[in-house]
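Overview (structure and organization)
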Amino acid sequence: MHENSFKSTVLAALALALAPALSQAYEAGVESDNAPVATATAPALIPMTAQVTAKLPTLDNRLQKTDRLLKNLSENSDPLREADVWGRIRSGYAIPDINNQLVANHVNWYATRPDYIARTTARASRYIFHVVQELEKRGMPTELALLPFIESAFNPQAFSSANAAGMWQFVPATGRDFNLKQNMFKDERRGVLTSTDAALTYLQRLYDMFGDWQLALAAYNWGEGSVQRAIKKNQAMGKPTDFESLADLMPAETRNYVPKLQAVKNIIANPAQFGLTLPVVDNQPYFTAIDKTSDIDITVAAQLAELSMDEFKALNPQFNRPVIIGGEKTKILLPQENAAKFTTNLAQWGHALSSWTTHKITNARERIETLASKFGTTADVLRQANNIPQRTSLRAGSTILVPKTSATMNKDITQEIADSATMLLEADRPERAAKALRRVAKGGKVQAAPISLVKPRIQRGGSNSRAKARH
């Protein structure tokens, strides 16, 4: 289709699809006494307040239908498509702007740290296309794709002092509320696909509750109950209930939360204005999901995909152990070009895919050294594979990973075992530890000082500690 002809067709279709909704919006807008003027960063066809748009339940549906219509018309050639993901995000800004001293402070903080912006946007380049695509499917503002800037600096391994994990920083309880599986083998709060789906579902639910994206964001950080109580307090005093009017009732982290997002919005909208350069992020998928058919060691999966361990873990951060288990629903994310390599190499692989199985402790207490000897490995290997601290023993009922034997070589770890597996640790008694040290000394093999094998908790980049009421 010729480009000019295509544009004419698209514009005509857009006008036809939106005409009823825009007419209804215009009539509602005329009735409003304080409708704001549309800004340059968030272009609108007509001025509408949040209260007005909340009265238009059919608008989102019409927009979604129009989006599907445009995609159908474009087929494989879409001249309206943005060149990169940053442009795609800018074109979908839809949350009203705020402009106050807090925003200015945060803009200055980011603008004077080009190295921080470079690291964060480099990490974001792996995930942000997927996030934007999911936002567009739901008809949500695309600047929400920038929220992980504030939450985690786009680090899926981020772990806060409040036990919030992943790009979107879910605490355990809220993660379970949104069906994010958390067991010994994986934590879906860190999974790219699962956590993004849960975060967008939660944000949409909060928007439906408050009818205002700024309040929805405040609730994402502070908790919906806290925002509801603040609204009721202002209502009782006859005060407005928008975000800025409620800010004095919020803890500092929440009061700064929306201004931080606004600051990032401003920088992404015009990075050159702040002397910054964004990395080019192609407007196409960075990764693809492939099905896992049987248990596979992470090292083997990375080898088959011809990826470094760092890159493999960056796309698959939810896996807690050196083996990936689970049924057909378990997905492995790989860059587009590496997925084909994985499939080819897997077909030619002539070795076992997994070298690990599980063992349940039945004795009252069992030392790691004893288990290591039983399964033909070392205590350090077992501690590292299971994240077991030094100078601790396992109590009865614990399930740990151990190397496979000939009897278990062809058996996968079942989902039932994964879901029920727990690890109960107990500090070694001083006299027991002293005896173990004497036995080592008698054998003439003095071990080096113990090395910490437990993964450190990583604080969220560019953010204060999470408010305790936060999800």
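Quick caveat, the model's predicted, so the values are computed rather than measured. (Residues numbered from 1 in each chain as written. Predicted model: local features only at pLDDT ≥ 70, side-chain atom pairs only at ≥ 80, totals over all residues. Heavy atoms only, no water.)

**What about the environment of phenylalanine 149?**
Note the cut-off: The helix and strand labels rest on DSSP assignments: H or I over at least four residues marks a helix, E over at least two residues marks a strand, and numbering proceeds from the N terminus. A simple rule labels every residue: compare its accessible area, found with a 1.4 Å probe on the protein chains alone, to the largest value its type can have, and call it buried under 20%, exposed over 50%, or partly exposed in between.
Note that phenylalanine 149 resides in helix H7 (residues 147-151). Judged by relative accessible area, which is 1%, phenylalanine 149 ranks as buried. Sequence separation between phenylalanine 149 and leucine 261 is 112 residues; the distance between their C-alpha atoms is 7.9 Å.

**Things to note about helix H16 (residues 336-348)**
Rules: Picture the helix axis, draw a direction to every C-beta atom, and the arc is the one those directions span. The criterion used for residue contact is that any of the two residues' heavy atoms lie within 4.5 Å.
Considered for burial, the residues of H16 that qualify are Asn338, Ala339 and Phe342. Down the axis, H16 shows its buried residues gathered within 110° of arc, on one side only. Those residues of H16 that are exposed and aimed more than 90 degrees away from the buried face are Glu337, Ala347 and Gln348. Residues of H16 that are buried in the fold lie against strand S1 (287-291), strand S2 (296-297), helix H14 (298-305) and strand S4 (331-335).

**Section: the pattern of salt bridges**
Note the following rule: Within this document, salt bridges are pairs made up of a side-chain nitrogen of Lys or Arg and a carboxyl oxygen of Asp or Glu, the two lying within 4 Å of each other.
Per the stated rule, a full pass over the model turns up 15 salt bridges. Here arginine 126 ties to glutamate 311 by a salt bridge, and the two come within 3.0 Å at their closest N and O atoms. Separated by 185 residues along the polypeptide, arginine 126 in helix H6 (residues 114-138) and glutamate 311 in helix H15 (residues 309-315) bring together distant segments of the chain. Between aspartate 187 and arginine 189 there is a salt bridge, and its shortest N-O distance comes to 2.8 Å. Each member of the pair, aspartate 187 as well as arginine 189, is classed as buried.

**Digging into unusual backbone geometry**
Phi at alanine 153 is positive, roughly 55°, even though this residue is not glycine. With respect to the secondary-structure elements, alanine 153 resides in the loop between H7 and helix H8 (172-177). Overall, the relative accessible area of 1% leaves alanine 153 in the buried class. Despite not being glycine, asparagine 179 shows a phi value in the positive range, around 60°. Within the fold, asparagine 179 resides in the loop between H8 and helix H9 (192-210).

**Section: the packing of aromatic side chains**
Counted only if it meets this: Each pair of aromatic rings taken from Phe, Tyr and Trp, with Trp reduced to its six-membered ring, is defined by centres within 6.5 Å and is described as stacked if the planes are under 30 degrees apart, edge-to-face if over 60, and tilted in the remaining cases. Distance and angle both matter: a charge sits over a ring if NZ of Lys or CZ of Arg is within 6 Å of the ring centre and within 35 degrees of the ring normal.
Here the structure, examined in full by the defined rule, presents nine aromatic pairs. Taken together, a centroid distance of 5.5 Å and an interplanar angle of 45° make the contact between tyrosine 202 and tyrosine 220 tilted. Here tyrosine 202, found in helix H9, pairs with tyrosine 220, found in helix H10 (residues 213-222); they are 18 residues apart in sequence, far enough to count as distant. Take tyrosine 202: its relative accessible area is 4%, and that puts it in the buried class. When its relative accessible area of 0% is taken as the criterion, tyrosine 220 is described as buried. When the centroid spacing of 4.3 Å and the interplanar angle of 10° are considered together, the rings of tyrosine 207 and tryptophan 213 count as stacked. The pair tyrosine 207 / tryptophan 213 is uniform in exposure class, with both members buried. Joined through ring pairs, the aromatic side chains of Phe170, Phe178, Tyr202 and Tyr220 make up one cluster. Directly above the ring of tyrosine 93 sits lysine 265, whose terminal nitrogen or CZ lies 5.1 Å from the centroid.

**Considering the nonpolar core**
Note the following rule: In this description, a nonpolar core means a group of buried Ala, Val, Leu, Ile, Met, Phe, Trp, Tyr and Cys residues linked to one another through side-chain atoms lying within 4.5 Å.
Core analysis: the largest hydrophobic core is formed by 69 residues, its most contacted members being Ile89, Ile128, Leu146, Trp168, Phe170, Leu217 and Tyr220. Setting aside chain neighbours within four positions, we find isoleucine 89 in contact with Ile128, Val132, Thr142, Glu143, Ala145 and Leu146.

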